[in-house]
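An overview of the molecular structure
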Amino acid sequence: MTMWEMLAVFAAGISAGTINTIVGSGTLITFPVLLATGLPPVTATVSNALGLIPGSISGAIGYRKELAGQRPRVLKLAVGALVGGLTGATLLLALPSTAFETIVPILVALALVLVILQPRISKAVQRRREHTGVPARPDGGPLLFVGLMLASVYGGYFTAAQGIIYLSLMGMLLDDTMQRLNAVKNVLAALVNSIAALFFLFVADFNWTAVVLIAIGSAFGGQIGAKVGRRLSPAVLRALIVTVGTVAIVQLLLR
């Protein structure tokens, strides 16, 4: 890489770490930059996955206050995330690079619809619980577990807009604040990135310059994202998710 390319990758890492912590979709920043430096798509994908791990961990640490009292929930959902992430990483090397291109924009669009409708869905679910007398499950039940595991399969494969899908599913099936759900999202994303990257270490080629630059940049970005994201109201956070998700869909369709 030239010096300018290295600076571009580092800046992309900071941006990706910031936006991943607040919303998700940071890969849509780093991945095109890595391709522009001349890296092959698979090498760019696996280098990006490893480089973003410090950013995910940094963002989760930044949200540690919102994680208080959520340990049982996180531990259960983490199992599905790890299984899904490893499966997605395996599929990346086994399937053609275009395998997910058709379905990804549809998944993201569906997730955005759920994010927009989440307040109404939550109220409807709450009214039904009050009517039936069935209490809310703190872990979201089997439906959330399976949904997040499938989302993690995609996350292990590419990761773009993975966080948006997580938030849409948890927002629909868990009775909790957006900020606390965002904290769980950051932990799950860190786990998926980590398991995928560990798998890639043994079977795929990395560009270590790109990995180091993104890792340092995303770690800084994770702290920035935590400070900014924790101050956003639920309505503003939801609007930001929809905006970023819409940009993600456009970019994915134009690739």
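See the structure printed just above.
Analysis parameters
Residues numbered from 1 in each chain as written. Predicted model: local features only at pLDDT ≥ 70, side-chain atom pairs only at ≥ 80, totals over all residues. Heavy atoms only, no water. Helix = DSSP H or I, 4+ residues; strand = E, 2+ residues; numbered from the N terminus. Buried < 20%, exposed > 50% of the residue type's maximum accessible area, 1.4 Å probe, protein only. Contact = heavy atoms within 4.5 Å. Areas by Shrake-Rupley, 256 points an atom, 1.4 Å probe, with all protein chains shown as cover. Salt bridge = Lys/Arg side-chain N within 4 Å of Asp/Glu carboxyl O. Expected span 1.5 Å × (residues − 1). Polar contact = N/O pair within 3.5 Å; in protein donor to acceptor, adjacent residues only side chain to side chain. Core = buried A, V, L, I, M, F, W, Y, C linked by side-chain atoms within 4.5 Å.

**Considering the overall build of the protein chain**
- Along the backbone of the protein chain there are 11 helices and 0 strands.
- When the helices and strands of the protein chain are read in sequence order from the N terminus, they spell out α-α-α-α-α-α-α-α-α-α-α.
- Looking at the protein chain as a whole, 51% of its 255 residues are labelled buried.
- Taking all contacts inside the protein chain whose residues are at least 6 apart in sequence as the whole, residues at least 24 apart take part in 84%.
- Total accessible area computed for the protein chain in this model is approximately 11600 Å², and 71% of it derives from carbon and sulfur atoms.

**Considerations on the pattern of salt bridges**
- For the structure on display, the rule yields 2 salt bridges.
- In this structure, Asp176 engages Arg73 in a salt bridge whose closest nitrogen and oxygen atoms are separated by 3.0 Å. A residue pair is termed long-range when its members are at least 10 positions apart, and Asp176 in the loop between α8 (162-173) and α9 (178-203) and Arg73 in helix α5 (residues 71-94) qualify at 103 residues.
- With relative accessibility at 22%, the residue Asp176 sits in the partly exposed group.
- Residue classification places Arg73 among the buried positions, given a relative accessible area of 11%.
- Notably, a salt bridge pairs Asp176 with Arg180, separated by 2.9 Å at the nearest N-O pair.

**Some remarks on helix α10 (residues 208-229)**
- Its 22 residues place the ends of α10 30 Å apart at the C-alpha level, agreeing with the 32 Å of an ideal helix rising 1.5 Å per residue.
- Along α10, the positions that sit buried rather than exposed are Ala210, Val211, Leu213, Ile214, Ala215, Gly217, Ser218, Gly221, Gly222, Gly225, Ala226 and Gly229.
- On its buried face, α10 sits against α1 (3-22), α2 (27-36), α3 (41-51), α4 (53-62) and α9.
- Residue Asn207 occupies the N-cap position of α10, its side-chain oxygen lying 3.2 Å from the main-chain nitrogen of Thr209.

**Some thoughts on the nonpolar core**
- Ranked by size, the top nonpolar core spans 45 residues in total, and within it Leu34, Leu144, Leu148, Tyr166, Met170, Leu188 and Phe200 carry the most contacts.
- Broken down by element, the residue count for this core peaks at 8 residues, all from α9.
- Apart from residues lying up to four places away in sequence, Leu34 is in contact with Val9, Leu39, Ala44, Asn48, Ala210 and Ile214.

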